[in-house]
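Residue strings, one per chain:
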Amino acid sequence: MQAWVDTVWDCEFIDIEPLDSAIEDEIKEAPEVFRKVYKQLLPYSSDDDCTQSVWTVLGENEVSVKSLVAVLACFVLGAKAKSPSFEQRRHSLQAASLYLLLLKIPGSVANKVFHQILFDTCLEIILKCWPQSSGKKRKKDSVKSSQGDPKSGKRSKSQRKASEEMDIDEDEEEEEEEEVYFSAQDLLKLREDVVALVRTLLRLLEKFSLRDKPQSADSCVRIFTELTNFEPVVGELSFTEKRDVDRLESVPELAYRGLWLLCSSNHGEGNECRRRVFHRLLYVILMMRKEERAKPYLLAPSQTVFKARDQAVLFISRIVEEQTEATLPLLRILLQHMCHQMVEKAEYRASGAQAVGKLMEKMPCHDYAAFVKWLYNYSQNNRVVFRMFALDVARVLLGLDEREADQSLSPELGVYLSHRFLVRNIVYGRRSDISPTVRGHALHCLAQCLELPSHNATKWIHELFSSSSSSTTGTHTLMETGRSEQTLKRTEMAQKTALTFRTIELSKYKSLAGATRRSGDGTGDSDNTTSLEYQETMALFKQRVSDPKPNVRKSALETIMSLLKHGVIPCSPENLAILSERCRDPAVSVKKKAMQCLMDLLTALSDSSEVQEAWLRGVVPAVIDSESSVQEKALECLDDIILTHIKSRANYRHDNTSQKMAWDLLALICDKCQDLGRYFSKAFSVWARQQKFSAAFVNSLIWHTESERAPAAWLLLAKVAGCSSKLNYSTILEAWDRTVSSPVVSVATTCHILAVIGDIAADINDDTKSRIVADLMGWLKGFSMPLEVISSSVEALFCLGQSQDTKDTVAFLNQFCGELVSLCEEYLSSVLLSERGAENLNEELLVKYLYTLGVASLHCPAKVQKRVFLLVQSILTSSEQTGSEEGAELPASQPLSQFKSSSMPTVVRAHAVITLGKLCLQHEELMVRYLPAFARELEVGRELAVRSNVVVVLCDLCVRYPNTLTRYIPNISACLRDAEPLIREQTLIMLTNLLQEEFVKWKGSLFYRFAAALVDPDPSVADLCEYCLVDLLLKKNPLMFSQHFIECIFHFNSYEKHKKYNKFPQTESEKNKFSLKGQMNQGKRFRIYRFLLKNFTDEQRFNITTRISQDILACFVDSELPLDAEGAELLADVFDVLSLKEIKLTAMSGPAPGDDPPEDEMAVAKAVLQKKLVSQVQKKNFVENVIPMVIALKNMLEEHRSPVLKHLMAYLQVTMQDYRTEVKELFAADEQLAAEVEFNLKVFEKQKEQEQQELAQQLSNFTLSPRPKGSAAASPAAGVGGKPGFATPVPPRSVQRPSKNCEPSDMLRRRTFAGMLTPVGRRGSQSVISSASSKGAFDGRAISTPQESINEVTFGEQVSAIHYEGAAGGQDLPGDASVLHLMSPEHQAPAPRQWNVESPVVRKSKKRQL
């Protein structure tokens, strides 16, 4: 036995041999043996001096302490066996309690009872013995973090990969450990043993110091932290009263008592004990689990996890209250690490921000202000998640009461206490962040700040949009401290330092602060330097509403809605239109968000007619959206706001806000928003199919027609009357009788009543029908009603005449509609054929006759004679057009001249076009004869209304006679270059509809005329063209752009010498209209090229490069196309197109500008692998198809000394950036070309290095100097930044603004011919750098000094001053050295310097000769 004991002690209680089975069985035979021994030893653990020492008793009974500890250790370690049984777990817990009790007994130190490994083992078995604390359970409760390593910023693997790994881990663990099941009674007994063990540990810690045992102290903190989430707690834990340990029932209560004990100085020097506790609770607050020597991982959100987090925050708050001075430094460190280890998931960020806010409430003013200052620097870190979490924390702090500075607080920190600083510098300061995620979140936080109960946040947001914001006190000190604090170093902190629980110095992290301070957007301190103009702020939000990223647009909409809702900005039509227009956003999520914002705004401001109109214009058109989910959302909104609140007489309440708002909206549709009636009808057609309208609902509408809500009620009744058969017809007929007798009824209401009459016509008896028909004919033959009523009357007449027998219906229509046609024919004859008929012309009456003729003829085509056609067509023949100007080219379609020329008013001619179009719909033979008249009108007509109606008629005829109208598509598409924007826009819309329905095909020049509309002088037409091409037509034909791209190059250069391209027939006038040939139109051509390429897929980009090489370059190489002036222009365009960044594969160019850089290791590795594979394929294509053509063309261009050579070299220079080390290999067939490309690349790299040095020097000399109030901007810097505020010029755009970072290839593209001369998009304003601040930045080389052969010299975008330091001979020039001294024009210029330049090929040939 003694040998076994010695072995156990020698093995340090790690790997011990089992106890003798006889002794073990003898111990286990006694029931509750460990409990009995525990009770017997418990009295000896007290501090009573009269108690006999247990060590003496053990010695008298010859019980060795080492043997006792060894036996207890044997049972304690039994729980660490594989799949321990229920008895083993209980014995282990009880033996551990007994060992800890021995440690508490006075004299245990002298008897060497304590052993660190055994002590730690007793702690570990608490979790080991409890079945729900197994590793498998923990893995199930955890989730993979989107940011697996918070220190390195690398994300974890994808969710799918994570789930696969989790399944593998669980399978392995199931193989290793068999499942052990416990009954409820077993679990209760195990819990009793766990509670007893923890209580014993707490009593031990009250007396037993761990000051010299840091590892054991760490183990205690770790175990207690794990136990805080051991079981749910009923109610809230109270840390204010210190109850006896025996009165604490729940395990979390006991665990927090243990942590409280470990926070005392009895268990560590200084703050070390508290540091351990705070460090462990950090992960509880962050909802993570931190296992020993492992990275923390996230726990799945649950009520248990949230409860544990709240308890940890409450506990730390209590500790800070009790030990304020000692814990404040640790609290600041805890908050910093919470920020530093935050993950990107929104739920965890929101939870962490709330915890930070609660803990910051415990800080005094000085520490609070210091942490806000730290948070401001943290908000400018280069990691996206940091900047987003800073916004979350700022939003939480704005919900707290604003603190007032006390006398002890320095003015330097006092400014950080104000909510104004949080709003302007942190929340609003991130509005132009380079990351779209942060930009969107900043706007989202700004919107949420307006919903906070605190009035301070709303007040400062109001200040952002006020026309004059006064600067607060302490501005100057804030700027000074900001500048010193924001001078951040660019070296990364070592990972080991970041992992320790110490203060995080942001000055050792890469930060956006410097760039933010220098940004032209003026965020941060510049906001306090000067006031913000309302127009500038609104312009920024409008820019965010049009942001390329949908999430940013959604956040911007939410912010604008909140600003309108709380009265920060006025509910003007312009501001409300922002929300309405976004209901037609390309992104589905943005459409839904815009509708939801309008819903929220309407709910808050239900009495505002402007808001109601904006709601209608945003939601109602969405019922015909191409996305079904958007349609459903719009129908849901209409149902909730309007239909639900249409009540019957018994349920209607005049004071009900919702009912009043519903009728107000309907009244707007009847008045200001009548143009929305078509979309409203679509909604009711959908609801009718869903059988949404009952007879009771329709009868309630009939009751409302007798009240002041009659117009709106008739509107609804016109939509739903046909959905129900059991109606109160008497009320409708009475309303009709009142309408006939009283001409006071409005036009819209009359049309709605007529629509209802048409719907119920089938259920009306014959006598009533006859009476109504007589009334209608009386109206129509009087020709005194408005045009809208005429159309509705004819439609009602058609409904009244319908019967089951088709012959009866035709006879009815021929009788009544034929009578109307005859009356119209007689009147037109009297006006047009009589000698003096046109002298007393009644223009309004003639229009009504023409309109009636058009609508009536559609129902009785047999009654329309040829004479009617001739009468109507004669109106279109005017004296102005027959007498064309001398020398003018005659149109292709000659006019019909069987009538004498007339000079009818424009409005009459416009209606005549519509009437003639309606006549042609029913008579195909006559339609063919009169089509030239329409075409003639498009070519030589001058009236806007006439030409506009001709376009509508021809497009309608395309639907009826698509084959016949095919030859007139060029005449219609020629209107895309009409002088009037209205006609161009209407033509674009009509042709798009025809193309969508495939009544018209992409034949001839139609596509290129569409593409030419992309550069329309009217921006609204150009934007509409983009929408039609990308969102409507490209979805139907994804290959459309790539199929027409090469011919676009030929067409827009007006090049017709190719045997295949640009061979469709066009007149000279059409060619001149759509020609984009020449240098002056190069910008327009490249805008079209870029637009098309931007919407290519990578496969299409790859293929188009090959096709350009084969179809264009090869033709010049094979001399199929001559290299004349036109050919040179075409070839220059081709090389400039190949140099565009839009033609580069996305896999090669990396993420788009403004996208968040990938932080996931797998994503980065995948992108690198993809780029490598694509590069190999592209390289093969480049070698096989492009290089041979380029070499041959280079030789040809050199022979002809063509200026196109510089375009070819610029293309090679751009392309070879991807193959920098393989130039000689790729151009092995032409060593001279390889050497020239190599030389050009080296020159470019040298220029790039010089530019970076110049930029760095300029930024290092950059200083902030506030401009005096009221002074005018003395430099273009104010125009660059968008806000006044600095007298010194602003450097080039920084990362604060979402700008495109120029890669080397992009900089090369700007040097190409197209890049220098093509105004595609807005270039940044040139920044003027003062000569004093950047002296010597150009190394004494003037901009005009040639570095290489340059044909056209232009000033760079970032160069605005020429500096010269000393002459070549070392002579000092008088005056300031930063001044460039120029020679007087009177003096003779010196002889030009002889440049001794040799190409590498010549130098190499000379060496060979030697």
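The rules we used
- Every residue gets a number counted from 1 within its own chain, in the order that chain's sequence is written.
- Given that this is a predicted model, residues contribute local features only at a pLDDT of at least 70 and side-chain atom pairs are listed and counted only at 80 or more, while totals for whole chains, interfaces and linings are drawn from all residues.
- Each side-chain value is worked out from all heavy atoms of the structure, with water and hydrogens disregarded.
- To qualify as a helix, a DSSP run of H or I must reach at least 4 residues; to qualify as a strand, a run of E must reach at least 2; elements of each kind are numbered from the N terminus.
- Each residue is placed in one exposure class: buried if its accessible area under a 1.4 Å probe, protein chains only, is under 20% of its type's maximum, exposed if it is over 50%, and partly exposed if it falls in between.
- In what follows, a contact means two residues having at least one pair of non-hydrogen atoms within 4.5 Å.
- Using the Shrake-Rupley algorithm and a 1.4 Å probe, accessible areas are obtained, with residue cover drawn only from the displayed protein chains.
- In this text, buried Ala, Val, Leu, Ile, Met, Phe, Trp, Tyr and Cys residues form a nonpolar core when linked through side-chain atoms within 4.5 Å.
- In a helix, the anticipated span is given by 1.5 Å times the number of residues less one.
- Each residue carries a pLDDT value, the predictor's own confidence for that position, ranging from 0 to 100.
- Only the stretch in contact is used when a helix axis is fitted, and all axes are lines through C-alpha atoms; the angle between N-to-C directions ranges over 0 to 180 degrees.
- Here the word oblique covers every angle except those under 35 degrees (roughly parallel), over 145 (roughly antiparallel) and from 65 to 115 (roughly perpendicular).
- Residues are sorted three ways: Asp, Glu, Lys and Arg are charged, Ala, Val, Leu, Ile, Met, Phe, Trp, Tyr, Cys and Pro are nonpolar, and all the rest, Gly among them, are polar.
- Between 30 and 60 degrees the pair is tilted, below 30 it is stacked and above 60 it is edge-to-face, where a pair is any two Phe, Tyr or Trp rings, Trp via its six-membered ring, whose centres lie within 6.5 Å.

The next thing to look at is the overall build of the protein chain. Per the secondary structure count, the protein chain includes 66 helices and three strands. Burial analysis of the protein chain (1410 residues in total) assigns 51% to the buried set. Taking the intrachain contacts of the protein chain between residues at least 6 apart in sequence as the baseline, contacts between residues at least 24 apart amount to 75%. When the accessible area of the protein chain is evaluated, it comes to approximately 65800 Å², of which 51% is carbon and sulfur surface.

This next bit is on the nonpolar core. Within the largest apolar cluster, 396 residues are counted, with the highest numbers of intra-cluster contacts made by Phe224 and Trp615. Residue contributions to this core peak at 12 residues, all from helix α18 (residues 384-398). Not counting residues within four places of it along the chain, the set of residues in contact with Trp615 comprises Leu598, Met599, Leu602, Val620, Cys637, Leu638, Ile641, Ile642 and Leu665.

Another point: helix α14 (residues 303-322). In a regular helix each residue adds 1.5 Å, so 20 residues correspond to 28 Å; α14 covers 29 Å between its end C-alpha atoms and thus fits that length. Taken residue by residue, α14 has Val305, Phe306, Ala308, Arg309, Gln311, Ala312, Val313, Phe315, Ile316, Ser317, Ile319 and Val320 as its buried positions. In this fold, the buried residues of α14 make contact with α12 (251-262), α13 (272-285), β3 (297-299), α15 (324-340) and α16 (346-360).

Here we come to the confidence of the model for the protein chain. Looking at the protein chain, the pLDDT average stands at 75 and 73% of residues meet or exceed 70. Every residue in residues 133-141 scores below 50 in pLDDT, and together they form 16 contacts with partners more than four places removed in sequence or on other chains. Taken as a whole, residues 1262-1387 scores under 50 in pLDDT and shows 212 contacts with residues more than four places along the chain or in a different chain.

This part is about the environment of Ile760. By the secondary structure assignment, Ile760 is in the loop between α38 (747-759) and α39 (766-782). A relative accessible area of 1% means that Ile760 is categorised as buried. Separated by 38 residues in sequence, Ile760 and Gly722 have C-alpha atoms that sit 6.9 Å apart.

So, on to the packing of helix α29 (residues 573-581) against helix α30 (residues 588-604). For the pair α29 and α30, interaxial distance at closest approach is 8 Å and the crossing angle is 135°. Classified by the angle their axes make, α29 and α30 are oblique. In this structure, α29 uses Leu576, Leu579 and Ser580 to contact α30, whose residues at the interface are Ala594, Cys597, Leu598 and Leu601. A class-by-class count of the residues in the contact of α29 with α30 yields six nonpolar, one polar and no charged.

Axis separation between helix α47 (residues 944-960) and helix α50 (residues 981-996) bottoms out at 10 Å; the angle between their running directions is 5°. If you check the angle between α47 and α50, you find them roughly parallel. Touching Leu944, Arg947, Ser948, Val951, Val952, Cys955, Asp956, Cys958 and Val959 of α47 are Leu982, Ile983, Gln986, Thr987, Met990 and Leu994, all from α50. For the contact of α47 with α50, the class distribution of residues is 10 nonpolar, three polar and two charged.

Secondary-structure assignment places Asp639 in helix α32 (residues 628-641). When its relative accessible area of 17% is taken as the criterion, Asp639 is described as buried. Each C-alpha atom, one on Asp639 and one on Ala683, is 9.6 Å from the other, the two residues being 44 residues apart in sequence. Contact partners of Asp639, with chain neighbours within four places excluded, come to Thr644, Trp687 and Lys692.

Counted by the stated rule, this structure contains 32 aromatic pairs. Each ring, one from Tyr376 and one from Phe421, has its centre 5.3 Å from the other, and the planes form 70°; the classification is edge-to-face. Of the two residues, Tyr376 sits in helix α17 (residues 365-378) while Phe421 sits in helix α20 (residues 419-427), which places them 45 residues apart along the sequence. Assigned by exposure class, Tyr376 and Phe421 land together as buried. Aromatic pair Phe1135 and Tyr1211: ring centres 6.0 Å apart, planes at 35°, arrangement tilted. Residue Phe1135 is found in helix α57 (residues 1125-1138), and its partner Tyr1211 is found in helix α60 (residues 1205-1215); the two are separated by 76 residues along the sequence.

Here we come to unusual backbone geometry. Phi at Glu998 is positive, roughly 65°, even though this residue is not glycine. Positionally, Glu998 belongs in the loop between α50 and α51 (1006-1012). Positive phi outside glycine occurs at Arg1201, with the angle close to 50°. Look at Arg1201 and you get exposed, because its relative accessible area is 77%.

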